[in-house]
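Each chain is listed here by its residues.
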Amino acid sequence: MPILYNTGDWFTLGHGNTYRKIELYNMEWPPDTDLENMIVCAAPYGGPMAIVKDFRKFVKVTGSTKPIIRIFTASGHLISSINWNSGNLLSMGWSECEELICVQDDGLVLIYDMFGVYQHTFSMGQEAKDTKVIDAKIFPSGSGTGVAVMTTNFRVFLVNSVKEPKNRQLPEMPKSIADPNCWDIVTEERNTFALVSRDREIFRLHQGDSVCMLQNITMQSDYKMIIMMAVSFNQRDLALYTNSGHIWMGSSNLKTKYCEFDTGRSERPKQIAWCVDVENSRQSDALIVTYSSLLLVIGVSGDSNAYTYDPAIFLIPEMDCVRVLTNGCHEMIQKIPKSVTNIFAINSQQSSSFLFEAHKKFREKSHQSDEYLCLIKDTLEQAVAECIEAAGYEFDPETQKSLIKAAYFGKAFCASHNPDKYNLMCRILRVLNSIRHAKIGIPLTYRQFDHLKPNVILDRLVFRKHYALAIQIAKHLKLPESRILEHWALHKVTYDKHDEDVARKIAEKFRNPIALGVSFCTIARKAQEIGRTKLAIMLLDQEPKASARVPLLLKLGENKKALLSATHSGDTDLVYMVLLQLKETTQLADFQMTVRSFPIAQNLFKKYCQQYNVSALKDIFTQEDDFASQAEFTLREGFAEMAGLEMVLSITANAYKKAHRDVEAELCEEGRKLMKQQKVFSEKYSKSFYGLSLHETVKQLLTLGDLKTAEKIRNEYKVPDKRYWWLRIQVMSENYQWDELEKFSKIKKSPIGYEPFVEVCIKQKNSNEAKKYLSKCREEKKVKWYIRAGLSKEAALVAFELKDLQNLYIIHMNASKINDRQLINTVENYINQLSPKK
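For every chain, the first residue of its written sequence is number 1, and the numbers climb from 1 along that sequence. Given that the model is predicted, a residue must reach a pLDDT of at least 70 before its local features are reported, and side-chain atom pairs must reach 80 or more before they are shown or counted; all residues, however, enter totals for whole chains, interfaces and linings. In computing side-chain values, all of the structure's heavy atoms are included and hydrogens and water are not.

K.L.:
Kindly report on the packing of aromatic side chains, identifying the contributing residues and their values.
P.N.:
Under the pairing criterion, centres of Phe, Tyr and Trp rings, with the six-membered ring standing for Trp, must be within 6.5 Å; the plane angle then separates stacked pairs below 30 degrees from edge-to-face pairs above 60, leaving the rest tilted. Inspection of every chain in the model, using the stated rule, returns 16 aromatic pairs. Taking the centre distance of 5.7 Å and the plane angle of 70° together, the rings of Phe11 and Tyr307 count as edge-to-face. Taken together, the positions of Phe11 in strand E1 (residues 10-12) and Tyr307 in strand E26 (residues 304-308) put the pair 296 residues apart, joining distant regions of the chain. Exposed residues in this analysis have more than 50% of their type's maximum accessible area, buried residues have under 20%, and partly exposed residues fall in between, with area computed by a 1.4 Å probe over protein chains only. Residue classification places Phe11 among the buried positions, given a relative accessible area of 8%. A relative accessible area of 16% places Tyr307 in the buried class. By the criteria applied, helices consist of DSSP H or I runs no shorter than four residues and strands consist of E runs no shorter than two, each listed in order from the N terminus.

K.L.:
Lay out the sheet that holds strand E12 (residues 144-151) in plain terms, naming residues and giving numbers.
P.N.:
Each pair of strands is called paired provided DSSP finds at least two bridges between the two strands. Judged by pairing direction, the sheet is antiparallel, and its four strands sit side by side in the order E11-E12-E13-E14 without closing on themselves. Each edge of the open sheet carries a strand with a single partner, namely strand E11 (133-141) and strand E14 (168-169). Looking at chain direction, E11 and E12 are connected through eight bridges and run antiparallel. Residue pairing for E12: Asp135 is matched across the bridge by Met150.

K.L.:
Lay out the pairing of strand E4 (residues 49-53) in plain terms, naming residues and giving numbers.
P.N.:
Buried residues dominate E4, accounting for four of its five residues. As judged from the five bridges shared by strand E3 (residues 38-42) and E4, these two strands associate in the antiparallel manner. Paired with Cys41 across the two strands is Ala50, which belongs to E4. If you look at the hairpin formed by E3 and E4, you'll find six residues sitting between the two strands, and Tyr45 has a positive phi there, around 55°. Relative to strand E5 (residues 68-72), E4 runs antiparallel, the two being bridged by three bridges. Its bridge partner being in E5, Met49 is matched across the sheet by Phe72.

K.L.:
Describe helix H26 (residues 707-716), listing the residues and the values that go with them.
P.N.:
Within H26, burial applies to Thr709, Ala710, Ile713 and Arg714. With its buried residues spanning 140° around the axis, H26 presents them on a single face. Every exposed residue of H26 that faces more than 90 degrees away from the buried side is listed here: Lys708, Lys712 and Asn715. Phi turns positive one or two residues past the end of H26, at Lys718, with a value near 55°. In this description, the arc belongs to the directions extending from the helix axis to the C-beta atoms.

K.L.:
Could you give me a rundown of the sheet that holds strand E25 (residues 294-299), with the residues and numbers involved?
P.N.:
Read across the sheet, four strands follow the order E23-E24-E25-E26 without closing on themselves; strand pairing throughout is antiparallel. The open sheet has two free edges, formed respectively by strand E23 (271-275) and E26, since each of these has just one partner strand. Across the sheet, the axes of successive neighbouring strands diverge by a mean angle of 20°, strand direction being ignored. Relative to E26, E25 runs antiparallel, the two being bridged by five bridges. Residue pairing for E26: Ile298 is matched across the bridge by Ser304. With axes taken as lines fitted to C-alpha atoms, and helix axes fitted only over the stretch in contact, angles between N-to-C directions fall between 0 and 180 degrees.

K.L.:
So what's going on with the pattern of salt bridges? Which residues, and what values?
P.N.:
Salt bridges are counted wherever a side-chain nitrogen of Lys or Arg sits within 4 Å of a carboxyl oxygen of Asp or Glu. By the definition in use, this model includes 23 salt bridges. We note a salt bridge from Glu331 to Lys21, for which the minimum N-O separation is 3.4 Å. Pair noted here: Glu331 is in strand E29 (residues 329-335) and Lys21 is in strand E2 (residues 18-26), with a separation of 310 residues, a long-range link. By relative accessible area, Lys21 is classed as buried at 13%. Here Arg504 ties to Glu508 by a salt bridge, and the two come within 3.2 Å at their closest N and O atoms. Placement of both Arg504 and Glu508 in helix H12 (residues 499-509) is noted, with a separation of four residues, approximately one turn of the helix. You can call Arg504 partly exposed: its relative accessible area is 42%. The exposure class of Glu508 is partly exposed, given its relative accessible area of 40%. In the salt-bridge network here, residues are joined through shared partners; they are Glu127, Arg155, Glu172 and Lys175.

K.L.:
Account for the state of the cysteines, with residues named and values stated.
P.N.:
Working definition: a disulfide is two cysteine sulfur atoms within 2.5 Å of each other. A full pass over the atoms with the stated rule returns zero disulfides. Left without a disulfide partner, Cys41 is nearest to the cysteine sulfur of Cys102, which lies 8.3 Å away. Assessed through its relative accessible area of 10%, Cys41 is described here as buried.

K.L.:
Before we move on, could you go through the pairing of strand E16 (residues 191-198) and cite the residues and values that matter?
P.N.:
Counting buried positions along E16 gives seven out of eight residues, so the element sits mostly inside the fold. In terms of strand pairing, strand E15 (residues 182-188) meets E16 through seven bridges, oriented antiparallel. Bridge pairing in E16 links Asp184 to Leu195. Taken together, E15 and the strand that follows it, E16, pair antiparallel across an intervening segment of two residues, in which Glu189 is found at a positive phi of about 50°. In this structure, E16 lies alongside strand E17 (residues 201-206), joined through six bridges in antiparallel fashion. Bridge pairing links Arg198 to Glu201 in E17.

Here is the structure:
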C-alpha cells in the first residue's frame, strides 16, 4: 500500500536499513563567522558549540591575534565568549556536564562552563609539560569525561575523570623512524585504551599493561598507511581510513570486520564519524565521511549515499544519529526507527500503516476507513503502540500530530487499552518541541531524552537560565520544582544587587517552602558566601525551620537573632548549641549581656553551669545582684565542706538580708549560733556535735543525760513540745529507762498522746511495759495497738467492749493463721453476741 508521506529525504543502505536527513535549524551566524576557517567543537545531546579560528590555517586576522572562543547554542545563538589569554590552545571538547575542556600544548587542561566562567585547571604531568603535547582527545569514560594527550616523543598520558584528575601513563610503543599517523581512545566498561596507528601497524596501549600490543587487521585492498580512525559513540565500532581511500569498518576490538569500502577519492577527508542505529543493531550502523564539499554515508554492507554541500562541514556524533553543521544549516542524519519505517515506508503492509491510513480516510469521511480497521482488528493494540512510538521519533510537529491523532483514533476501538503511554508521549512531545525551539536550541531526539531522563533536562535548562520553561516542564511532567526555584533564587542573589527587591521576590516565590521542598537557608548561605550579609539575614527571617536558620545566623554574627530564634523554637538542644557557641566566640561580658536579655536561655545556661561550671554560675549571680541565689549557692558550697560552714552561714545570712529574705537570714543566724554551741558541747563531752541538726543535737544531749542543757537548747530554739516529748521517750526507750519513762508519762498529760509510748515499747520488744500505756490510748486506736503489741485476747475483749466487729474479724483471721482454738472460740462467741439477730 503506497503511503507517500514525509519520505523525501529517505535513502537506503543495504537491505532494510533506511536513513533520513532532517533539517533542524537554519543557521544565522554572526557576520565574521566562517566555519571553513574555524574549529568547531559541539557537545553531545544537543549541547552548546564552541567555535574558534583554526590556528593551523594561515588566514588574514583582524583585531587581536589572541584566539576568541565563542560558544553558541545548537541553533546558532551566541551564549558567551572567552578571550583566550593562556598558552597555545591545542584542542577542545565538552564534558558530560557541558563544561568546555581546553587543552594546551604544555599539558595544562583548563575547564570553563558554557558561559565562559573559569572553573578549574589541572596538568597532564611534568613530562607532558617538558616535552610538549602534539594532540589531545576528550573522551567519555566510566568515571565521567577523560582527557588523553600525546607528547612530541609519542608517549600517551590520560586522565579518566576531569573531576578527579589522576594522571596515568600508557605503555610506550616500540622505537621506529616512522611517526604515528593517527590515534583514538576506546572505552570498554571500566577499561580505557588507546589505538595508535603507525604506517600499516596498529598498537593497542592499555592502561595497566607494561607493554603495548600489536593489533592485526585483514584488508584486501592495498595501502601504505592508516591516516584517520574513528570510534563510534557507543565505543562499539571502529573505522580506519587509509591513504589509498579505502575504509576498513569493524568492531573496536579489531576482531570483527564488517566490510571494506573504496571511496575512490585521493584527498584526505575532513572528518569521519559513526551513525549508530537507534535500535542498537550493528548491521544498521553507518559511517559518515566528509570532504571539502561532499558528505558520504557508507553502510556496513558496503552501500553508500552522497550529499553535496558548500565548503565547511562538521559532524557531531550522537548516541542515535549524527548532526551535520554547515554555514547555512544544522541537519541530522539518522537510521530511521523501525516503527517509523513500518508506518511510512512505500507499500508497507504493517498494521500501524493501515491504522494511519484508516485515520486519514476517516478525516476525509471515507467509508474505506472501516475497511482498513477491519484488516487490523486483531493487531490494533500493536498498531496504536507503534503510532505512539513513531510520534516520539519525529521532529516535525505536524507529523507528530498526525501520528498521535491516529493512535487516539485507534485506541477508541480497543476494548481495554491502557492510556498511560499515550498520555506520557503527549507530555514528552510537548517538552521536546519546547526545548527544540530555536530560542532554546537543544535538538534532542526522543531516545536521547529517554537516556538523559527529565531531571537532567531540567538541570540543563536551569543552568541555561530558562527558569520559566523549566518550571512549566516540571509541572507538565509532574516533577518537583524545588531545584529550579533554588537555582533561580541563587541566580537572583548573585546578579541582582537590590537586597530588598531580591528578598521580596524570593519570598513571593517561596510562599510555602516546606510544601515546595525548598529552603531559604540554602539561598542565604549563598548570599553570605558572596558577602551580601544584609540579604542573607533578610532571607533567614523567612526560614520556618529554626534548626536550619539558627546556625547560619550565628555564622553571620547575628547572635541575638540566633538566640531569639532558638528560644522561640522551644528546642532546648538548639538553645544550648547557641549558648555554647556564643560562649566560645564572644567576650565574657558581651556573652553575659546577651544572655541576660533572654530569660529562658539564661535559665538553661544556669542549669548547664550548675552541672559543668559552678564558678560561672556564681559570676552570673554576682553580676545580676541576685542575692537570694548567691545565698543558696554559698550555702550549698558550705554543706559540701563542713569545716567552713560557720563562716558560710554568716555570709549566707548577710546575702539573705540583702535579698530581704528575713526568715532565711534568721535561720542562718540561728544555725551559726547552734554551731558555736556544738563546738562547746564537742569539747565538753569529747563527742562530735559539729554539723548536727537541732533535732540530733537535743537527742545527743538527752542520750548523754544532760537534761538541763537539753531543756535550755529546747527553750532557746523554741523546739515544739511534741517534738521534744518524742525525743525524750525515744531516748529513754533506747536506754531501757522504763521507770523513767513511766515517771515521764505521769508528769502531765502527754501532748503527743500515749500511742508513742506503746510504740517505743513495742520497738524494744517489751510488751509488759506497753500494757501500762495501752489503756490510756485513744478509744479508736486502742484495739490496733493491742494487736500490734501481740495481746490478742486483750484486743478481742476491748473490741467486744467497743462493739468493733471489724477488728474482731481481723483478730479471728490472725488466730486462724496460728490455729489458736481457744482464741478462735472466744472471738466467735464475741462476734455472735454482737451480730444482729435474725
